[in-house]
2 protein chains.
Amino acid sequence: MDGADAGRDGGRRIALLLEYDGTGYRGSQYQDNGPSIQGELESAIEKLTGERVRAAFAGRTDAGVHALGQVAALDTRSGMATSAFVGGLNHFLPADIAVLAAVEAAPAFDPRRDARMRTYRYRAQSRAVRSPLWRERAWHIDRPLDVAAMRAAAAALEGTHDFAAFAGPYDGATVRTLRRCDVTQACGQVVVDMEAQSFLPHQVRRTMGALAEVGLGRVDAGAISAVLREAKPASSGPTAPACGLYLVAIEYDGLEWGLAEGNGRDA
Amino acid sequence: MDGADAGRDGGRRIALLLEYDGTGYRGSQYQDNGPSIQGELESAIEKLTGERVRAAFAGRTDAGVHALGQVAALDTRSGMATSAFVGGLNHFLPADIAVLAAVEAAPAFDPRRDARMRTYRYRAQSRAVRSPLWRERAWHIDRPLDVAAMRAAAAALEGTHDFAAFAGPYDGATVRTLRRCDVTQACGQVVVDMEAQSFLPHQVRRTMGALAEVGLGRVDAGAISAVLREAKPASSGPTAPACGLYLVAIEYDGLEWGLAEGNGRDA
């Protein structure tokens, strides 16, 4: 999708807010080896409008990662009301994907580059026995976690740092600003909420992997700070599994979804 | 299972605490037309101990109903430690069923008749668009609910009454004591918690169906009280779907599961 095209010939750019259960997909973007969220969305758009378009996604989510507030943009010549996009796309989308809202966006709106803030949530379920109701929705850790130690380690990661140690292979600059890394305990789960304008590839899952090592007493919180300072690429240790990760929300200047309270984005 | 048999010839009675996702099952009890929780459990027991036994369940759950704390009992001649029953059965059970705990029970322990209190939870998700992550786990209601009105209607149902209006076809006595019927709102959901020593068939789903009618403004809270007083069998109106219902916990005198906090029974 090229920002300069939309609107030129009577087209519009529509922003979509998406929730999905990522269990059955190879990821958000097109994949050769299986179904993707993008593929399902573009197929639903074609069924609804007759147009074959590319949907641009704000965040690339891996196979098995979920979203409560993924954002996509598409260009269309359809004159359909945005509310009809919501109803129509949900009619054609499978049960594990839904459009929560659709709004008109500026012709140059780029969901990836324009994101002002991204929020991810990681859910770990710490208990002796695996949970049937949370399978594929949380990481099962069969021992107790020291949440206070995890919280101390998480606090040391907040701020602007070179996060190379917490990224998978990446060619670009690795300095990021982690605005928030909160560790909370609720309903038998340890939940980590992370907020930044942008994250490095696998940064949230690598951070959670490192925090779990601290929670399990295998590494102390100070060692995590040392790994951060050393900034040796991909040196943070184990990566937490995809199933516990949720893309919760993405914020943009001047873009409001107009959702009633309780509609969408509840983790 | 006959209570008089256990212990007579070196056998023991074991009580099991079960969590399951009921989506893929025809119900807790044996069914001719598809898989059941009981069938899966008995199959896992046979694989573990070599014994073909009947498992007795505390509560009969319908197709699609979930459990966070179902209780079953089985007789065995195995000398295996109860902790080995937990690990061993979980090894053989499918991912959507788990044994959370196993304890020795008295030879006459009857999980259905000995229950002192049962807790059910009903989850309704009230928002415009269906939720992919809560599909099959909550009832999607696409309009706002008046929670205050639902709460007033629920309060009027508490206490000892003839609940015939809120039961499916039933031959026995229909007087029950509803100890608690709480309506709360959390994370975009309306959650109804009900507690009683025993419930009539479909009582929780029928009660939720009636409360939803109140929440949607189709019926007022006073009309629900009138339906209760009239006690005309199965007259309460629509029955809420199975997918929102969770058997949360069953209490017994003198039976403790010994679970660490956060292990099991978190809805």
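Conventions and cut-offs
- Residues numbered from 1 in each chain as written.
- Chains lettered and ligands numbered in written order.
- Predicted model: local features only at pLDDT ≥ 70, side-chain atom pairs only at ≥ 80, totals over all residues.
- Heavy atoms only, no water.
- Buried < 20%, exposed > 50% of the residue type's maximum accessible area, 1.4 Å probe, protein only.
- Helix = DSSP H or I, 4+ residues; strand = E, 2+ residues; numbered from the N terminus.
- Pairing = 2+ DSSP bridges.
- Contact = heavy atoms within 4.5 Å.
- Buried area = accessible area lost by both parts, 1.4 Å probe.
- Salt bridge = Lys/Arg side-chain N within 4 Å of Asp/Glu carboxyl O.
- Polar contact = N/O pair within 3.5 Å; in protein donor to acceptor, adjacent residues only side chain to side chain.
- Domains from an automatic or database assignment.
- Core = buried A, V, L, I, M, F, W, Y, C linked by side-chain atoms within 4.5 Å.
- Least-squares fit on C-alpha atoms with pLDDT ≥ 70 in both.
- pLDDT = per-residue confidence, 0-100.
- Phe/Tyr/Trp six-rings, centres within 6.5 Å; stacked < 30°, edge-to-face > 60°.
- Lys NZ or Arg CZ within 6 Å of the ring centre and 35° of its normal.

Caption draft 1: Spotlight on the pairing of strand 4 (residues 97-105) of chain B. All names here are of chain B. In terms of burial, strand 4 is a largely internal element, eight of the nine residues being buried. Pairing between strand 1 (residues 12-20) and strand 4: eight bridges, direction antiparallel. By the bridge assignment for strand 4, Ala15 is matched with Val103.

Caption draft 2: A look at the interface of chain A and chain B. Taken together, the contact pairs 36 residues of chain A with 35 residues of chain B. Taken together, both faces of the contact between chain A and chain B bury some 2,600 Å²; the carbon and sulfur share is 51%. One can count four salt bridges joining chain A with chain B. Where Arg127 of chain B meets Glu19 of chain A, a salt bridge forms, and the shortest distance between an N and an O atom there is 2.7 Å. Joining chain A to chain B, the criterion identifies 18 residue pairs in polar contact (both at pLDDT 80 or more). Going through the elements one at a time, strand 1 (12-20), strand 3 (66-76), helix 2 (82-92) and strand 4 (97-105) of chain A are the ones with two or more residues in the side of chain A that touches chain B. For the side of chain A that touches chain B, the leading source of residues is strand 4 of chain A, giving four residues.

Caption draft 3: Structural view of the domain arrangement of chain A. Residues and elements named next belong to chain A. Assigned domains of chain A: these are domain 1 (3-114) and domain 2 (117-247). Distance from the C-alpha centre of domain 1 to the C-alpha centre of domain 2: 28 Å. Listed per partner, the contact involves 15 residues of domain 1 and ten residues of domain 2. Across the domain 1 to domain 2 interface the summed buried area is about 1,000 Å²; carbon plus sulfur atoms make up 51%. Summed over the three residues of domain 1 that lose the most area to domain 2, namely Asp62, Val65 and His66, the buried surface amounts to 43% of that side.

Caption draft 4: Representation of the nonpolar core in the model. Counting 76 residues, the largest nonpolar core has Leu41 and Leu89 of chain A as the members making the most contacts within it. Here the element with the most residues in this core is strand 4 of chain A; it accounts for eight residues. Residue assignment places this core across two domains, with domain 1 (3-114) and domain 2 (117-247) of chain A each supplying three or more. When near neighbours in sequence (up to four residues on either side) are disregarded, Leu41 of chain A contacts Leu16, Leu18, Ala55, Phe57, Ala72, Leu89, Leu93 and Val99 of chain A. Counting 75 residues, the second-largest nonpolar core is a separate cluster that includes Leu18, Leu41, Met194 and Phe199 of chain B.

Caption draft 5: Up close: the relation of the copies chain A and chain B. Superposition record for chain A on chain B: RMSD 0.0 Å, screw rotation 180°, translation along axis 0.0 Å. The transformation relating the two chain copies, once decomposed into turn and shift, fits a two-fold axis. Mapped onto chain B, 97% of the interface residues of chain A again fall at the interface, so both copies present the same surface.

Caption draft 6: Spatial organisation of the confidence of the model for chain A. All names here are of chain A. Looking at chain A, the pLDDT average stands at 92 and 93% of residues meet or exceed 70. At the level of individual helices and strands, chain A shows its lowest average pLDDT in helix 5 (residues 221-230), which scores 94, and its highest in strand 7 (residues 159-162), which scores 98. Of the regions scoring below 50 in pLDDT, residues 1-7 engages in 15 contacts with residues more than four places distant in sequence or in other chains. Quick note on the complex model: pTM equals 0.93, ipTM equals 0.91.

Caption draft 7: Representation of the side chain of Arg127 of chain B. Within the fold, Arg127 of chain B resides in the loop between strand 5 (117-126) and strand 6 (139-141). Classification of Arg127 of chain B by relative accessible area gives buried; the value is 4%. In terms of polar contacts, Arg127 of chain B uses its side chain to reach the side chain of Glu19 of chain A, at 2.7 Å. In terms of polar contacts, Arg127 of chain B uses its side chain to reach the backbone carbonyl oxygen of Val129 of chain B, at 2.7 Å.

Caption draft 8: Structural detail: the packing of aromatic side chains. The tally for this structure, following the rule as stated, stands at eight aromatic pairs over all chains. Geometrically, the ring pair formed by Phe109 of chain A and Tyr252 of chain A is edge-to-face, given 5.0 Å between the ring centres and 75° between the ring planes. Of the two residues, Phe109 of chain A is situated in the loop between strand 4 and strand 5 (117-126) and Tyr252 of chain A in the segment after strand 10 (245-251); the sequence distance between them amounts to 143 residues. Note on Phe109 of chain A: relative accessible area 8%, which makes it buried. Judged by relative accessible area, Tyr252 of chain A falls into the buried class, the value being 6%. With a centroid separation of 6.4 Å and 70° between ring planes, the pair formed by Phe163 of chain B and Phe166 of chain B is classed as edge-to-face. Residue Phe163 of chain B shares its accessibility class with Phe166 of chain B, and that shared class is buried. Above the plane of the ring of Tyr246 of chain A lies Arg123 of chain A, whose end atom (NZ or CZ) is 5.9 Å from the centre.

Caption draft 9: Spatial organisation of the environment of Ala231 of chain A. Residues and elements named next belong to chain A. With respect to the helices and strands, Ala231 occurs in the loop between helix 5 and strand 10. Expressed as a C-alpha distance, the spacing of Ala231 and Ala73, which sit 158 residues apart in the sequence, is 35 Å. Those residues in contact with Ala231 that sit more than four places away from it in its chain are Asp162, Ala164 and Ala165.

Caption draft 10: Structural view of the environment of Val129 of chain B. Within the secondary structure, Val129 of chain B sits in the loop between strand 5 and strand 6. In sequence terms Val129 of chain B and Phe199 of chain B are 70 residues apart; their C-alpha atoms lie 32 Å from each other. Among residues more than four places away in sequence, those in contact with Val129 of chain B are Val86, Asn90, Ala98, Val99 and Leu100 of chain A together with His140 of chain B.

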